[in-house]
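Each chain, letter by letter, is given below.
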Amino acid sequence: MASRELESMYQQVILDHAKQKHGFGLRDGASGSSHQINPTCGDEVTLRVHRASDGSIESISWEGQGCSISTASASVLNDLVHELSDAEATARIQAFRELMQSKGAIEGDEELLGDAVALGGVSRYVTRIKCAMLPWVAFEAALAS
Amino acid sequence: MTIETNIRTGLDGAEVERIRSDFPILGRTVNGHPLVYLDSGATSQKPRQVIDVERAYYETTNSAVHRGAHTLAGEATELFEAARATVAGFVGAGEDEIVWTSNATEGINLIAYGMSNTSLGRGGAAAERFRLGAGDEIVVTELEHHANLVPWQELAFRTGATLRVIGLDDDGAIRLDEAAEVIGETTRVVAFSHVSNVLGAVNPVAELTALAHAVGALVVLDACQSAPHLPLDLHALEVDFAVFSGHKMLAPTGIGVLYGRSELLNALPPFLTGGSMITTVGLTESEFLPAPLRFEAGTQRVSQAIALAAAVDYLGAVGMDRIELWEAELGRRLVDGLTGIPGVRVLGPAAGAERVGLASFVVDGVHAHDVGQFLDDRGIAVRVGHHCAQPVHRRFGVTATTRASGYLYTTPDEIDLAVQAVADSRRFFGVV
Ligand SMILES: Cc1ncc(COP(=O)(O)O)c(C=O)c1O
């Protein structure tokens, strides 16, 4: 038995991503990398950006210790980055950040955010937004590094 | 000869109900459920008796202490010093051995900075025993809260001393064999917790203190998780310094205690300096008051100190020995319940072994954050994460645990609700 709010935060698609962990396992040949820690819980993620020869983002690879929200968030991010330019990637990071800050008020653009819209329920839980943001912050830093 | 027949027993259900009615917050709901507050290890809830004392102080007596000559100043100073005497009595200390701090963290920093000020040449000959330098060693254990670890790391960096760590066995007990090897002629300070805020075991204070004193080292006891939960007699424990925080024992935030043996406090140079801690102030140098006022610079936290005295009066009226027994029962019930769930591992003493009313645990396949969120959905407040004790988590190969911690107002039914919710969280997150 769980409340509707809790069910909406932990949608099946999120729990599936948390188990499947798309992109898990660090690979060599990265153009940039970032290690992020959530100091309140000790969760951490290391994320690398891999680029194609034209400079676009080919993929990410990541590893980390974290709750289902941060793990699922890294997994959905993995599915969103293929063949993006840095500008497109930054737009997606921004859209996700807005979704997380929305306190449940916006739905999230599925075109732009794919499965990440399912994380929208997290935005009602102030204590968990950091968990969802962790891999995205790592991605942002890895792009810049 | 009379035979003592008055064997003290723990609290009973009816008494706990009466106690609960003193805590207004326990009447609220969270997410549509009655609040089940199992985060007393982080901070306790406050009874009306404490809240009322603080309110009454502001409504009738509020004034700066040790400064004015008017009536309110006199009354406030009397209350403030009476509070010191009350708290001293509660922990088996002398009045002049109790220094008010903001919390335990500040207390430990006060000792550490007093020692580094000595190492810089302050305090004169009397402070010589606090001087640290290369070749000296500070000893802590692997289970310390960051508050009893980071200040010692920093003190070591500032003075050139070396920090050494006593390890734990697989049940989380401090390894006394290792302690006997680590503590030696070069040891100057041994700092450890009375009760771990993660493992819930009561640590061997007498043994560690004996090892330290045998080599002339000072003992600093972190009593944050013992002062609220069991009878504490600091003179009997023979420790040199001790710290605890009021907010974990029914008092407001912003008030804590540093205990130091009188002779030591009077030799230790001050940490914070300024008004209220001086006798004569010249333009280039000043003289300081004796302890404890030497360590109480600036306008003091009067309402909080008075409220802490009200809190220990409340605890004393219930009886710390009885609270200890009640919480031991809660701890046993909690650990029995949790270990009965497949895939749940409790850190610290095994089921059946002595512990306070606290347990940190791991649910295989479900992260602590998710367990905590599931419990919160049912109005159950627990702590998740590393509980400001990363090294002990690393020792047990985890980054985060879920911790349930009770107090005198916690009921067996609440423990059962939490245990049931942990079991249900496994189903919710699909690990069964
Ligand atoms: C064992 C232990 N030591 C030290 C502290 C630090 O207490 P405070 O944060 O009140 O200074 C705590 C509580 O957080 C604790 O549980």
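What you are looking at is a predicted structure, and each value in this text was computed from that prediction instead of being measured. Per chain, the residues get numbers from 1 upward, laid out in the order the sequence is written. As a convention, the first chain written is A and the first ligand written is 1, with the rest following in written order. Two thresholds apply to this predicted model, a pLDDT of at least 70 for residue-level local features and 80 or more for giving and counting side-chain atom pairs, whereas whole-chain, interface and lining totals are computed over all residues. Only hydrogens and water are removed before side-chain values are computed, so all heavy atoms of the structure are retained for them.

1. Things to note about the overall build of chain A
Segments assigned H or I by DSSP are reported as helices when at least four residues long, segments assigned E as strands when at least two residues long, and all are numbered from the N terminus. When helices and strands are tallied, chain A shows 6 helices and 3 strands. Starting at the N terminus and ending at the C terminus, chain A contains elements arranged as α-α-β-β-β-α-α-α-α. Its C-alpha atoms give chain A a radius of gyration of 14 Å, within 12% of the compact-globule value 15 Å for 145 residues. Burial statistics for chain A: of 145 residues in total, 50% are counted as buried. Method for areas: the Shrake-Rupley scheme with a 1.4 Å probe, in which residue coverage is limited to the protein chains shown. If you sum the accessible surface of chain A, you get close to 6700 Å²; carbon and sulfur atoms cover 49% of it. Averaging the locations of the 12 positively and 20 negatively charged side chains of chain A gives two centres separated by 7 Å. Values of the radius of gyration come from C-alpha atoms, whereas the globule rule sets the reference at 2.2 Å times the count of residues to the power 0.38. Between buried and exposed lies partly exposed: a residue is buried under 20% and exposed over 50% of the maximum accessible area for its type, with that area taken using a 1.4 Å probe on protein chains only. Positive charge is attributed to Lys and Arg, negative charge to Asp and Glu, and no charge count is given to His or to the chain ends. To locate a charge, take NZ of a lysine, CZ of an arginine, CG of an aspartate or CD of a glutamate.

2. Remarks on the pattern of salt bridges
Residues and elements named next belong to chain B. A pair is scored as a salt bridge if a Lys or Arg side-chain nitrogen falls within 4 Å of a carboxyl oxygen belonging to Asp or Glu. Under the definition given, this model contains 24 salt bridges over all chains. Here Glu-142 ties to Arg-395 by a salt bridge, and the two come within 4.0 Å at their closest N and O atoms. Here Glu-142, found in the loop between β5 (137-141) and α5 (150-159), pairs with Arg-395, found in helix α13 (residues 390-395); they are 253 residues apart in sequence, far enough to count as distant. For Arg-395, a relative accessible area of 25% translates into the label partly exposed. Note that Asp-177 and Arg-175 form a salt bridge whose closest N and O atoms lie 2.8 Å from each other. Under the relative-accessibility criterion, Asp-177 is labelled partly exposed at 44%. Shared partners join several salt bridges into a network, and the residues in it are Arg-129, Asp-240, Arg-261 and Glu-263.

3. Topic: helix α2 (residues 12-20) of chain A
For α2(A), the full list of buried residues reads Ile14(A), Leu15(A), His17(A) and Ala18(A). Looking straight down α2(A), one finds that the buried residues subtend no more than 160° of arc, so they occupy a single side. Looking at α2(A), the residues exposed on the side facing more than 90 degrees away from the buried face are Gln12(A) and Lys19(A). Any two residues whose heavy atoms approach within 4.5 Å are treated as being in contact. The secondary structure elements touched by the buried residues of α2(A) are α1 (4-9) and α3 (68-78) of chain A together with α14 (412-428) of chain B. The arc refers to the directions leading from the helix axis to the C-beta atoms.

4. Observations concerning the domain arrangement of chain B
Residues and elements named next belong to chain B. Boundary definitions for the domains trace back to an automatic or database domain assignment. Partitioning chain B into domains gives domain 1 (13-43 + 319-428) and domain 2 (61-316). A separation of 29 Å is found between the C-alpha centroids of domain 1 and domain 2. Between domain 1 and domain 2, the residue contacts involve 35 residues of the former and 33 residues of the latter. Across the interface of domain 1 and domain 2, roughly 2800 Å² is buried in total on both sides, 58% from carbon and sulfur atoms. Summed over both partners, the accessible area (1.4 Å probe) lost when two parts come together is defined as the buried area.

5. Considerations on the nonpolar core
By size, the foremost hydrophobic cluster in this structure holds 150 residues, and its most contacted members are Ile69(A), Phe96(A), Phe139(A), Leu338(B) and Leu408(B). At 12 residues, helix α10 (residues 302-318) of chain B tops the list of elements feeding residues into this core. Among the domains, domain 1 (13-43 + 319-428) and domain 2 (61-316) of chain B are the pair contributing at least three residues each to this core. Contacts of Phe96(A), omitting those with residues within four sequence positions, involve Ser73(A), Leu113(A), Ala116(A), Leu119(A), Ala132(A), Met133(A) and Trp136(A). Here, nonpolar core refers to any group of buried Ala, Val, Leu, Ile, Met, Phe, Trp, Tyr and Cys residues whose side-chain atoms link them within 4.5 Å. In this structure, Ile111(B), Leu132(B), Leu218(B) and Ala291(B) belong to the second largest nonpolar core, which totals 31 residues.

6. Some remarks on the interface of chain B and chain A
Taken together, the contacts link 14 residues of chain B with 23 residues of chain A. For the pair chain B and chain A, the summed buried surface comes to about 1500 Å²; carbon and sulfur atoms form 52% of the total. Its largest share of buried area at the contact with chain A, chain B owes to His369(B), Gln373(B) and Phe428(B), together 36% of the area lost on that side. Residues Asp370(B) and Arg128(A) are paired through a salt bridge, measuring 3.1 Å at the closest nitrogen-oxygen approach. As used in this structure description, the phrase polar contact means that two N or O atoms lie within 3.5 Å; if the pair is within protein, one of them must be able to donate a hydrogen and the other to accept it, and residues adjacent in sequence are counted only when both atoms belong to side chains. The tally of links between chain B and chain A comes to 9 residue pairs in polar contact (both at pLDDT 80 or more). Top element by residues in the side of chain B that touches chain A is helix α12 (residues 368-377) of chain B. It accounts for 5 residues. Any residue that is not Ala, Val, Leu, Ile, Met, Phe, Trp, Tyr, Cys, Pro, Asp, Glu, Lys or Arg is counted as polar, Gly included; the first ten are nonpolar and the last four charged. Tallied by class, residues from the side of chain B that touches chain A come to 4 nonpolar, 7 polar and 3 charged.

7. Digging into the environment of Val49(A)
Residues and elements named next belong to chain A. Along the polypeptide, Val-49 turns up in strand β2 (residues 43-51). Taking C-alpha positions, Val-49 is 8.7 Å from Gly-29, a pair spaced 20 residues apart along the chain. Discounting residues that sit within four places of it in the chain, Val-49 has contacts with Ala-30, Ser-31, Gly-32, Ile-57, Ser-59, Ile-60, Phe-139, Ala-142 and Leu-143.

8. Description of the sheet that holds strand β17 (residues 401-405) of chain B
Residue and element names in this part refer to chain B. In this scheme, strands are said to pair when DSSP sees at least two bridges between them. With respect to topology, 4 strands assemble into an open sheet ordered β13-β14-β17-β16, the strand pairing being antiparallel. Both edges of this open sheet fall to β13 (344-346) and β16 (383-385), since each of them pairs with a single strand only. Averaged over all pairs of adjacent strands, the angle between strand axes in this sheet comes to 30°, irrespective of strand direction. As paired elements, strand β14 (residues 358-363) and β17 share 4 bridges and run antiparallel to each other. Its bridge partner being in β17, Ser-360 is matched across the sheet by Arg-403. Against the sheet, helix α11 (residues 320-339) makes contact with β13, β14 and β17, and its axis sits at roughly 10° relative to β14, the strand it touches most. The angle between two axes is taken between their N-to-C directions and runs from 0 to 180 degrees, where each axis is a line fitted to C-alpha atoms and a helix contributes only its stretch in contact.

9. Examining the site of the ligand
Residues and elements named next belong to chain B. The nearness test applies per residue and asks whether one of its heavy atoms lies within 4 Å of the molecule or strand. Around the ligand, the structure places Asn-103, Ala-104, Thr-105, His-145, Ala-147, Asn-197, Asp-222, Cys-224, Gln-225, Ser-245, His-247 and Lys-248. Within the side chain of Thr-105, an N or O atom sits 2.5 Å from an oxygen atom of the ligand. At 2.7 Å, a side-chain N or O of His-247 approaches an oxygen atom of the ligand. For the ligand, whose unbound accessible area comes to 390 Å², protein coverage reaches 89%. Grouping the amino acids of the shell around the ligand by side-chain chemistry returns 3 nonpolar, 7 polar and 2 charged.

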